[in-house]
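# Remarks on the overall topology
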Amino acid sequence: MSEDFFPVFAGWARQHGLDEASQRFGPVLEGPVLERFVLEYQRRIDTIETDDPVVLHGPRDPWYAGPNEDADVYWPKLKQHFEEALGWSERRIEPVDRSSTKVVAYTPRPQLPRWASKGLVVGYVQSGKTTNFTSVIAKAADAGYKLVIVLSGIHNGLRRQTQERLNEQLRDLVPTDWLTLTDEHNDFRPHSMPATALLHNQGSKVALCVVKKNKAVLTKLDAWLEGAARKNVLDDVPVLVIDDEADQATVATATINPLIKKILGKLPRCTYIGYTATPFANVLIRPGQDDLYPDDFILNLPKPEGYFGSERIFGRDAVEGDEASGADLDGYDMVRLIGDDELDSLRPAGKSAAATFKPAVTGSLRAAALWFWMATAARRARGDAGHSTMLIHTSMKIAVHEAFKEPLVELRDNVLFGVRHGDEQLLEELEATWRDESGKVPASQFGVPTLTFEGVLDRLPEVVASTKVILDNCASEDRLDYSGEPQVAIAVGGNTLSRGLTLDGLVVSFFVRSAQAYDTLLQMARWFGFRPGYEDLPRIWMTPQLEQWFRHLATVEHEIRLDIDRYEQQDLTPTEFGVRIRTHPVLRVTGKMGAWVPAYASYGGRRIQTRYFVAGNESWLQGNVDAAHELVRDARAAGAQGEQLPSGGRLFRDVEAEIVERFLRRYESHPDSPDLDRELVLNYIAKERESGSLERWSVAVMSAPNADLGTVRLGGLDFGRIARAQLSSGSLERADIKTLMSKDHRVVDLDITPAAARGMAEHELMTARNDDPIAHERGLLLIYPIDPTSTPDAANTKRKPLNATADVIGMALVFPGNAESRVKMTHVTVNLTPAEVESPDDAELAELTGQDAT
């Protein structure tokens, strides 16, 4: 028997198990050949388990070693489509192949007589999740699944877009092997053939339907399946349910959630996989109850190469595990701020004002539109003739969208007239804008051609002339349509543009819509994604408040993925993971926690630090100076011996826990710092002291080695101030210094030089603390006397002076141990900056819960 027979052996092992394959083919294979086959199959399974992406998993049967290129039908055709139709390189296809194989490997073997499996795949907003689940569907179909149900958001636009994609990449590639129950124009409706007959007689075909999460539609699907369930036809049908945007409507909604559970209850051989970039609601479902918690696996998709996400655009905080410098975490200079004085001209002041609202083309909106046209012209000059889109999202109210059309059309016509007739004032404005913007994000950073203004201007008239102003909401007929010739579009919309739907060639986003939930904000960020060949051109206009929120969300996203990595390494199950995620202090700000609130929090093995200050509140600042003064005074009075640090600061060892606790009770953190919650920290310390840990502390004042910036007197000693300039988007109410402490500060109480510490990874720093015979039971408290002016370097355009009204005291805590020690939370909310939170229009709400199926 030839070695070429291995694909047949592997295919049988995938379908029926390795032991059965060995028994079946043992008589016809020579002993050494059979042994090599078994070892090779096991090797492939082991590769799946250890390669990226990271999976947090429960017990499973490792049945799927990957596609069988010789015997499979659907995946080889899809892979060929990627290569030939889309022009993807092997380097781009390989991660999709590997990650989709891993998803399938964590589903049950479709030959089992009965199962109910639930998993969750966590990706990034606009990052290719559809490509991943399309690949999963193809491989699942090859493996024996017979019915695929895709739940595709709550809006017609996303459902249609998903249907078109699956038709192109699945059905049209092997049309005789697919049985599609929905099409581009029609959501699910009772099929001409009852489910009993259709599913019983489908032969080798795989049935596929793409269904909107709508009450009327899901009710029809449920009723259609009912007959097949009564006659036990579904007992022989392995079903894959893909829930795209799995956090939207699926979780904790009065109509959609029960219908999805009812449908799944009719499917005795069913795998349910939720896909989302915002998993907050999904991992906060109470594990163990009859709901859609991902009991079987949680998979963290890797970030695709070339992806623009929240971290790349807005930057983020340094967190545990980071080895990058603060400058590396600042993001690109792509965000432009909209002043508060413009907001009343861009969105109605209150809910009742929408009907009579008359928008104006403010300075920021004009600048955004001019840049959109120039950026599109730049793309054309580079030979890129693809779609180009500008998004305007100021409100979810349909009346507001309609009111924007006339001013935008007038702006387009005026600019077109000006560029065609050589209006000097307009041309000077355009040239100044191009020079300024192209200098802030140089094309050379991305290896794309640098263009002159003259080169852009040559293409500008045709770009402006071809621009369409499109209103895209649930009531409009003129929706965005990227199926035809390349278009240049300014799209004004609300919810239909805020989740799932891809805006092809999105270059400029003008965004002032307010929302308070993390998942809502992230999903409204349509500017995330891929910008091949024009990575230097995207810009986002938004309020300073929203920029701060998105920067914070970048940290939240990053920490979620770190948690998935960490728990996978500890071999914890998704149930344990769910508890852990729900205890993370930052995640208390999600708006979809429902009744299931976090119960525990841990600071073991963590470091936390102040980032925000109320720079304009002198009494608030002075209160923290007084707290630091008393801390140093009490530590010295209790006999703590201060030793000089190489950096110029002073370290006090053997400080009693009561002194530290008194300081923490008096020190005021900014309300936007949930992980510095006073009661949580104090409760954690109290819990640790019960077991004998954290009874003694090291306290370090991290001052400058000189008095160049003046001094602050704390506890009878003078300490030189340090500089911490704020980000340019900060304010007197919320001055944001971003990063307070550096790597070497975390080990100032250990026998490690600053240079050595800066070369160590985060886990090495924490291991050093936990292995130290003294420090492993002690906390480290660091105090930073900050110069109230704190002027940044002249070359740093992303920073501005702190300009506080009094001395500023920063504070950081480093805890030994790990996450096993937990304390009960006292509350579950975070105080965010107030913002108007809008309610859906009646039409929008009707589309989610009403009867309109199409």
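Computed from a predicted model, the values in this text were never measured in an experiment. Every chain's residues receive numbers from 1 upward, in the order its sequence appears when written. Totals for whole chains, interfaces and linings use all residues, but because this is a predicted model, local features are given only for residues with pLDDT of at least 70 and pairs of side-chain atoms are given and counted only at 80 or more. The side-chain numbers reported here are obtained from all heavy atoms of the structure, hydrogens and water having been left aside.

The numbering of helices and of strands both runs from the N terminus, where a helix is a DSSP run of H or I of at least 4 residues and a strand a run of E of at least 2. Of the regular secondary structure elements, the chain holds 25 helices and 30 strands. The buried share of the chain, reckoned over its 854 residues, is 59%. For the chain, the proportion of contacts with a sequence separation of at least 24, taken over those separated by at least 6, is 79%. Surface accessibility in these figures is a Shrake-Rupley result with a 1.4 Å probe; residues are shielded only by whichever protein chains are displayed. Summed over all atoms, the accessible surface of the chain reaches about 33100 Å², with 48% contributed by carbon and sulfur. Exposed residues in this analysis have more than 50% of their type's maximum accessible area, buried residues have under 20%, and partly exposed residues fall in between, with area computed by a 1.4 Å probe over protein chains only. The criterion used for residue contact is that any of the two residues' heavy atoms lie within 4.5 Å.

Along an α-helix, residues three or four apart share an orientation, since each turn contains 3.6 residues. Helix span, expected: 1.5 Å multiplied by one less than the number of residues in the helix. With 15 residues, helix α6 (residues 129–143) should cover 21 Å at 1.5 Å per step; its first-to-last C-alpha distance of 21 Å lies within 8% of that length. Gly144 occupies a position one or two residues after α6 and carries a positive phi of about 125°.

Take the side chain of Asn156 next. Its location among the elements puts Asn156 in helix α7 (residues 156–169). Owing to a relative accessible area of 15%, Asn156 belongs among the buried residues under this scheme. Side-chain polar atoms of Asn156 contact the side chain of Lys212, separated by 2.8 Å. N or O atoms closer than or at 3.5 Å make up a polar contact, with two conditions inside protein: a donor-capable atom paired with an acceptor-capable one, and, for residues adjacent in sequence, both atoms drawn from side chains.

Take the sheet that holds strand β20 (residues 642–644) next. As summarised here, the arrangement of the 6 strands in space is β18-β29-β27-β22-β21-β20, forming an open sheet in which the pairing is mixed. Bordering the open sheet on either side are β18 (607–609) and β20, each of which pairs with just one other strand. Sheet twist, expressed as the average angle between the axes of neighbouring strands with direction ignored, equals 20°. Two strands pair under a simple rule: DSSP has to find at least two bridges between them. Direction of pairing for β20 relative to strand β21 (residues 650–656): antiparallel, over a ladder of 3 bridges. Across the sheet, Gly642 pairs through a bridge with Phe652, a residue of β21. Between N-to-C directions, angles cover 0 to 180 degrees, with each direction set by a line fitted to C-alpha atoms, over the stretch in contact for helices. On the sheet, helix α21 (residues 657–666) packs against β21, β22 (696–701), β27 (779–786) and β29 (808–814) and is oriented at approximately 110° with respect to β21.

Patch membership is restricted to residues that have no salt bridge and whose relative accessible area is over 30%. Joining uses 9 Å for like charges and 5 Å for the nonpolar side chains Val, Leu, Ile, Met, Phe, Trp and Tyr. Whenever a carboxyl oxygen of Asp or Glu lies within 4 Å of a side-chain nitrogen of Lys or Arg, that contact is scored as a salt bridge. The positive count covers Lys and Arg only, the negative count covers Asp and Glu only, and His and the chain ends enter neither. Note that the charge is assigned to NZ on lysines, CZ on arginines, CG on aspartates and CD on glutamates. On the surface, Asp423, Glu424, Glu428, Glu431, Glu454 and Asp458 cluster together into a negatively charged patch. For the negative patch, the secondary-structure elements that each account for two or more residues are α15 (424–440) and α16 (453–465). The element that contributes the greatest number of residues to the negative patch is α15, accounting for 3 residues. Relative to the helices and strands, Asp458 is located in helix α16. With a relative accessible area of 63%, Asp458 lands in the exposed category.

Our focus in this paragraph is the pairing of strand β13 (residues 488–493). When you tally the buried positions in β13, you get 6 out of 6 residues, the bulk of the element. Both strand β11 (residues 388–393) and β13 contribute to a ladder of 5 bridges, which runs parallel. Among the inter-strand pairings, Ile392 is bridged to a residue of β13, identified as Val492. In this sheet, β13 lies alongside strand β12 (residues 467–472) in parallel orientation, the contact comprising 6 bridges. Across the sheet, Asp472 pairs through a bridge with Gly493, a residue of β13.

With that out of the way, let us pick up the nonpolar core. Only buried residues count toward a nonpolar core, which is a set of Ala, Val, Leu, Ile, Met, Phe, Trp, Tyr and Cys residues joined through side-chain atoms within 4.5 Å. Counting 64 residues, the largest nonpolar core has Phe663, Trp697, Leu781, Leu782 and Phe815 as its most contacted members. No other element matches helix α20 (residues 618–637), which puts 8 residues into this core. Discounting chain neighbours no more than four positions away, the residues touching Phe815 are Tyr603, Gly605, Arg606, Ile608, Val681, Tyr684, Ile685, Leu694, Trp697, Met766 and Arg769. If you look at the next biggest cluster of nonpolar residues, it comprises 46 residues, including Leu370, Trp373, Ala375 and Leu471.

Bringing the environment of Ala375 into the picture now. Position of Ala375 among the secondary structure elements: in helix α13 (residues 363–381). Ignoring sequence-local partners within four residues, the contact set of Ala375 consists of Val507 and Leu537.

Once that is clear, we can look at the packing of aromatic side chains. A pair of Phe, Tyr and Trp rings is counted when the ring centres sit within 6.5 Å of each other, with Trp represented by its six-membered ring. The angle between the planes then sorts it: under 30 degrees is stacked, over 60 is edge-to-face, the rest tilted. Within this structure, the stated rule accounts for 13 aromatic pairs. Ring centres 5.3 Å apart and planes at 40° place the aromatic pair Phe663 and Tyr667 in the tilted group. Its relative accessible area of 3% is what places Tyr667 among the buried residues. Among the aromatic residues, those joined into a cluster by ring pairs are Trp75, Phe82 and Trp88.

All right, on to the packing of α15 against α16 then. Angle between the axes and distance between the axes: these two values describe a pair of packed helices. Where α15 meets α16, the closest approach of the two axes is 10 Å, and the angle between their N-to-C directions is 125°. Relative to α16, α15 is oriented oblique. Crossing angle aside, the handedness with which α15 passes α16 is right-handed. Taken together, the residues of α16 that come into contact with α15 (itself represented by Leu427, Leu430, Glu431 and Trp434) are Phe453, Glu454, Val456, Leu457 and Leu460. When an angle is under 35 degrees it counts as roughly parallel; over 145 it counts as roughly antiparallel; between 65 and 115 it counts as roughly perpendicular; any other value is oblique. The hand of a helix crossing depends on one turn: near helix anticlockwise from the far one by less than a right angle means left-handed, and clockwise means right-handed.

Turning to the confidence of the model for the chain, a few remarks are in order. One confidence number per residue, pLDDT, is output by the predictor and ranges from 0 to 100. Confidence in the prediction of the chain, expressed as mean pLDDT, is 81, and 79% of residues score 70 or more. Per-element confidence in the chain is highest for α13, whose mean pLDDT is 97, and lowest for helix α25 (residues 842–849), whose mean pLDDT is 36. In the predicted structure, residues 323–327 sits below a pLDDT of 50 and forms 4 contacts with residues beyond four places in sequence or in another chain. Between residues 578–600, whose pLDDT stays under 50, and residues either more than four places distant or in other chains, the model counts 76 contacts.

All right, on to the side chain of Lys129 then. Inspection of the secondary structure puts Lys129 in helix α6. Nearest to the buried, unbridged Lys129 among oppositely charged side chains is Glu245, at 4.7 Å. Look past the residues within four positions of Lys129 in its chain and what remains in contact with it is Gly123, Tyr124, Tyr275, Thr276 and Ala277.

A separate point is the pairing of β27. The element β27 is largely enclosed, with a buried count of 8 among its 8 residues. Every second residue of β27 is oriented toward a common face, with Gly779, Leu781, Ile783 and Pro785 on one face and Leu780, Leu782, Tyr784 and Ile786 on the other, all of them buried. Direction of pairing for β22 relative to β27: parallel, over a ladder of 5 bridges. The residue bridging Trp697 from the neighbouring strand is Gly779, located in β27. One ladder, built from 7 bridges, connects β27 with β29; its direction is antiparallel. From the neighbouring strand, Leu782 faces β29, where its bridge partner is Ala812.

Between its first and last C-alpha atoms helix α9 (residues 215–230) spans 22 Å; for 16 residues at 1.5 Å apiece the expected length is 22 Å, and the two agree. Every buried residue of α9 is accounted for by Ala216, Val217, Leu218, Leu221, Asp222, Trp224, Leu225, Gly227 and Ala228. Buried positions along α9 lie against β3 (147–152), α8 (195–200), β5 (206–211) and α10 (256–265). Remark: Asn232 follows α9 within two positions and exhibits a positive phi of approximately 60°.

The next thing to look at is unusual backbone geometry. Most peptide bonds take the trans form, and the phi angle of most residues other than glycine is negative. Backbone geometry at Glu245 places phi at a positive 55°, although glycine is not the residue there. One can find Glu245 in the loop between β6 (239–244) and α10. Residue class for Glu245 comes out buried when judged on its relative accessible area of 2%. Located in the positive-phi region is Lys738, a residue other than glycine, with phi close to 70°. Residue position: Lys738 is located in the loop between β26 (735–736) and α23 (754–758). For Lys738, a relative accessible area of 3% corresponds to the buried category.

Here the focus is the sheet that holds β12. The strand order across the open sheet formed by 6 strands is β10-β16-β14-β11-β13-β12, and the pairing between neighbours is parallel. Two strands lie at the open edges of the sheet, namely β10 (335–337) and β12, each paired on one side alone. The sheet shows a mean angle of 15° between the axes of neighbouring strands, taken without regard to direction. Bridging between strand β14 (residues 506–511) and strand β16 (residues 539–542) involves 3 bridges; their strand directions are parallel. Each residue of the ladder has a partner; that of Phe510, found in β16, is Trp541. Strands in contact with helix α14 (residues 398–420) are β11, β12 and β13; relative to β12, the strand with the most contacts, it is inclined by about 175°.

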